[in-house]
Amino acid sequence: MKQIPEDRPLIAPSLLSCDFSRIAEEVQAIEAAGADLLHVDVMDGHFVPNITVGPLIVDAIARHATRPLDVHLMIAEPDPYLQAFAEAGADILTVHWETCAHLHRSVQAIHHLDRPAGVSLNPATPVAVLEDILDDVEMVLLMSVNPGFGGQRFIPRALEKIAALRTMAQARGRDDLRIEVDGGITRENAAAVLTAGADILVSGSAIFRSGDYAAYITALRNAASHG
Ligand code: DX5
Ligand code: ZN
């Protein structure tokens, strides 16, 4: 099991946009290009209108990965599957607030598996719902598109949510809280996302369609410092 690296920001390429027929090469290439985390999007066709990968493929990815696997569960009932994903090689497990009737129990279950726990919010879910779970999680994943597909446009309102969440975390003495943002992140908007208070950027289509993974990852990483 691998920990979340301490560095800020971290770049987490979403494998959703990679060539799955060459998954071993893609994992190797994206790691060589500087990926800090490998973001894996798990979709079930119920919570989101798309189906992607299950534990079997997470296991296949893990066999080729040296960086931590950041597994984003977009599935209607995550609890029964947490252990299977952990055993498959998930290093960070994130569940959606919208899918967990007993979120505190889900977070406890992730911690029982000895993994950092993330909670994700859809674009229309206010950060205020996190007030009573923030102390218990290592990471919050704010969606900046409606989950389900890569290649969508960034929803600008996400910037205000990032800033509000960072303020809420600071007020609770949680300077260590990782805020990950996912959906429509490009080299054009990365600076605004980081400046608002995010410290992990997920990016799928922009990196994998760029033609130069390393250059694109570097541009995302340095976005805030170079404006
Ligand atoms: C969307 C996924 C994202 C997606 C991001 O439901 O959670 O991780 O792959 O892809 P881009 O960067 O193309 O929006
Ligand atoms: Zn994702």
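In the block above lies the structure referred to throughout.
Rules and cut-offs
- Residues numbered from 1 in each chain as written.
- Chains lettered and ligands numbered in written order.
- Predicted model: local features only at pLDDT ≥ 70, side-chain atom pairs only at ≥ 80, totals over all residues.
- Heavy atoms only, no water.
- Near = heavy atom within 4 Å.
- Polar contact = N/O pair within 3.5 Å; in protein donor to acceptor, adjacent residues only side chain to side chain.
- Areas by Shrake-Rupley, 256 points an atom, 1.4 Å probe, with all protein chains shown as cover.
- Helix = DSSP H or I, 4+ residues; strand = E, 2+ residues; numbered from the N terminus.
- Nonpolar A, V, L, I, M, F, W, Y, C, P; charged D, E, K, R; others polar.
- Expected span 1.5 Å × (residues − 1).
- Buried < 20%, exposed > 50% of the residue type's maximum accessible area, 1.4 Å probe, protein only.
- Arc of directions from axis to C-beta.
- Contact = heavy atoms within 4.5 Å.
- Pairing = 2+ DSSP bridges.
- Axes fitted to C-alpha atoms, helices over the stretch in contact; angles between N-to-C directions.

With that settled, the discussion passes to the site of ligand 1. As a structural note, the neighbourhood of ligand 1 is formed by 20 residues, with Asp41, Gly151, Asp182, Gly204 and Ser205 the closest of them. Between ligand 1 and glycine 148, the relevant distance is 2.8 Å, taken from an oxygen atom to a main-chain nitrogen or oxygen of the residue. In the environment of ligand 1, an oxygen atom lies 2.7 Å from a nitrogen or oxygen atom belonging to the side chain of aspartate 182. For ligand 1, whose accessible area on its own is 380 Å², the fraction buried by protein is 100%. Those elements that provide at least two residues to the shell around ligand 1 are β2 (38-43), β3 (69-74) and β8 (200-203). Split by residue class, the shell around ligand 1 holds seven nonpolar, eleven polar and two charged.

The end-to-end C-alpha separation of helix α5 (residues 158-171) is 20 Å, in line with the 20 Å expected for 14 residues at 1.5 Å each. Of all the residues in α5, the buried ones are Ala158, Lys161, Ile162, Leu165, Arg166, Met168 and Ala169. Buried residues in α5, looked at end-on, bunch into an arc of 160 degrees, giving them a common side. Within α5, the exposed residues directed more than 90 degrees away from the buried face are Thr167 and Ala171. Against β5 (117-121), β6 (139-143), β7 (178-182) and α6 (190-196) lie the buried residues of α5. Two residues or fewer after α5 comes glycine 173, characterised by a positive phi angle close to 70 degrees.

Another point: the pairing of β3. By the criterion of burial, β3 is predominantly enclosed, with six of the six residues buried. Along β3, one buried face is formed by Leu69, Val71 and Leu73 and the opposite face, lined by Asp70, His72 and Met74, is buried too. By the bridge criterion, six bridges tie β2 to β3 in an arrangement that is parallel. The residue of β3 that forms the bridge with histidine 39 is aspartate 70.

Taken in spatial order, the eight strands of this open sheet run β1-β8-β7-β6-β5-β4-β3-β2, and their pairing is parallel. The strands lining the two open edges of the sheet, one partner per strand, are β1 (10-13) and β2. Here the strands of the sheet are splayed against their neighbours by 20 degrees on average, with no regard to which way each runs.

As far as function goes, none of this settles anything; it's purely spatial.
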